[in-house]
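# Coordinates in review
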Amino acid sequence: MNWDDTTDPTGTSAAERLVGPAAERLVDSVADREDQAVEAALRPKDLGEFIGQEKVREQLDLVLRAARARGATADHVLLSGAPGLGKTTLSMIIAAEMEAPIRITSGPAIQHAGDLAAILSSLQEGEVLFLDEIHRMSRPAEEMLYMAMEDFRVDVIVGKGPGATAIPLELPPFTLVGATTRAGLLPPPLRDRFGFTAHMEFYEPAELERVIHRSAHLLEVEVVPEGAAEIAGRSRGTPRIANRLLRRVRDYAQVKADGLITKDIAAAALAVYEVDERGLDRLDRGVLEALLKLFGGGPVGLSTLAVAVGEERETVEEVAEPFLVREGLLARTPRGRVATPAAWAHLGLTPPRSQTGGKGQQDLFGA
């Protein structure tokens, strides 16, 4: 089994299915309703204003400029990457750069070929269709999309059984922008029909500082460079998380201070919300503490670790572990989960001798 791909039959990850306290994490990269409302006001309107993703911006700029010069619609675009990195924002920028309207929908909303046919038949020439979580679209709709992307045509089936008739429906040229957090779940025939594909990388702290300064200006919040750096360092390389932390620090600064976000104010505010200097929250630290204090750093099985933390197995595997692995605090091995030396150092604990070059189990026998 792939360590990273525990999903239900629709391709929905545990992070996307979560409800309750685990779904309300301040460092969750999935947008909630408040995020969606705020992001609409904070989104950049063109590529020049978009921060980060330098290679993607440069390549996409060439694609769009060439299409405008030819007077044609842009090639279909596939954007992949973790939630919160700017895929939806880039889709809107593509529409703005091409001076075209945009239609937004998602894979889970298209469960029948007829749903897709209704959307495609109503598109205007040159319109941008943004299909979020494209990997969760149903197979019949996916197969219809092949022909629509390649030939700008779909066959609508009328009737059933031997008397069924396929009626060809011509479509105006359009640009499909697909976004996915799980590019590996897309079938090759669908991936091959995209003229431009791009993978969104996590942001560097310096890039997140620029994002925070820009958002603070739009939100009319005063933040000093050291305060922005403190927030950026705890944002897990994700602009959405950076903006969410900025709003919570703003609230703290308005209530506890004079509204100015300094390094000390940012650190104090994020301590209240249990987000430490590396961006770990209560769930992340709970997993590490259980692994270190109860199981001596491992190896320990995932199910056992989940019981010790008091969370579901999928929650630990898909919500907490990816960031811990990326930070080099935890390793997934065939024998189970193992803490790294960095995890012991981060929690201020001393690893057992077996993990520091001692004789391990032989010490029990005096050898």
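Computed from a predicted structure; not experimentally measured. (Residues numbered from 1 in each chain as written. Predicted model: local features only at pLDDT ≥ 70, side-chain atom pairs only at ≥ 80, totals over all residues. Heavy atoms only, no water.)

Quick look at the overall build of the protein chain now. Across its full length, the protein chain holds 15 helices and 9 strands. Looking at the 367 residues of the protein chain, the share that counts as buried comes to 47%. When contacts within the protein chain are restricted to residue pairs at least 6 apart in sequence, long-range pairs at least 24 apart make up 70% of them. On the protein chain, roughly 17,700 Å² of surface is accessible, and the fraction owed to carbon and sulfur atoms is 52%. (Helix = DSSP H or I, 4+ residues; strand = E, 2+ residues; numbered from the N terminus. Buried < 20%, exposed > 50% of the residue type's maximum accessible area, 1.4 Å probe, protein only. Contact = heavy atoms within 4.5 Å. Areas by Shrake-Rupley, 256 points an atom, 1.4 Å probe, with all protein chains shown as cover.)

By size, the foremost hydrophobic cluster in this structure holds 50 residues, and its most contacted members are Leu-60, Leu-90, Ile-231 and Ile-261. The element that contributes the greatest number of residues to this core is helix H10 (residues 239-256), accounting for 7 residues. By size, the runner-up hydrophobic cluster in this structure holds 24 residues, among which are Ile-119, Leu-131, Val-154 and Phe-194. (Core = buried A, V, L, I, M, F, W, Y, C linked by side-chain atoms within 4.5 Å.)

Attention now goes to helix H13 (residues 302-309). For H13, the complete set of buried residues consists of Leu-302, Leu-305 and Ala-306. Summarising the axial view, the buried residues of H13 lie within an arc of 100°, below the 170-degree limit, and thus occupy one face. Each element contacted by the buried residues of H13 is listed here: helix H12 (282-294), helix H14 (313-326) and strand E9 (336-339). Just beyond H13, the residue with positive phi is Gly-310, at close to 85°. (Arc of directions from axis to C-beta.)

This brings us to the packing of aromatic side chains. Evaluated as defined, the whole model comprises 1 aromatic pair. Above the face of the Phe-323 ring, Arg-236 is positioned so that its terminal group lies 4.0 Å from the ring centre. Over the ring of Phe-202 we find Arg-326, and its NZ or CZ is 3.6 Å from the ring centre. (Phe/Tyr/Trp six-rings, centres within 6.5 Å; stacked < 30°, edge-to-face > 60°. Lys NZ or Arg CZ within 6 Å of the ring centre and 35° of its normal.)

This next bit is on the pairing of strand E8 (residues 330-333). In E8, alternate side chains face the same way, and those of Leu-330 and Arg-332 are buried while those of Ala-331 and Thr-333 on the opposite face are not. By the bridge criterion, 4 bridges tie E8 to E9 in an arrangement that is antiparallel. Considered in E9, the bridge of Arg-332 is made with Arg-337. (Pairing = 2+ DSSP bridges.)

Turning our attention to unusual backbone geometry. Of note, Glu-220 is a non-glycine position whose phi angle comes to about 60°, a positive value. Phi angles above zero are rare outside glycine, and Arg-236 is one such case at about 60°. Within the secondary structure, Arg-236 is located in the loop between helix H9 (225-232) and H10. Overall, the relative accessible area of 8% leaves Arg-236 in the buried class.

Let us look at the pattern of salt bridges. Pairs can form between side chains of opposite charge once their charged atoms are near each other. Summed over all chains, the structure comprises 18 salt bridges. Put simply, Arg-234 and Glu-230 hold a salt bridge, and the shortest N to O gap is 2.6 Å. Overall, the relative accessible area of 15% leaves Glu-230 in the buried class. Linking Arg-282 and Glu-311 is a salt bridge whose minimum nitrogen-to-oxygen distance equals 3.8 Å. In this pair, Arg-282 is assigned in helix H12 and Glu-311 in the loop between H13 and H14, connecting sequence segments 29 residues apart. Residue Glu-311 is classed as partly exposed on the basis of its relative accessible area of 22%. Connected through shared salt-bridge partners, Arg-248, Arg-250 and Asp-251 make up one network. (Salt bridge = Lys/Arg side-chain N within 4 Å of Asp/Glu carboxyl O.)

We now examine the sheet that holds strand E1 (residues 77-80). Read across the open sheet, the 5 strands follow the order E2-E3-E6-E1-E7; overall the sheet is parallel. Each end of this open sheet is capped by a strand with a single partner; those strands are strand E2 (102-106) and strand E7 (196-199). Across this sheet, the average inter-strand angle for adjacent strands is 15°, counted without regard to direction. Sheet analysis places E2 next to strand E3 (residues 128-132), joined by 5 bridges and oriented parallel. Within the sheet, the bridge partner assigned to Thr-105 lies in E3 and is Leu-131. (Axes fitted to C-alpha atoms, helices over the stretch in contact; angles between N-to-C directions.)

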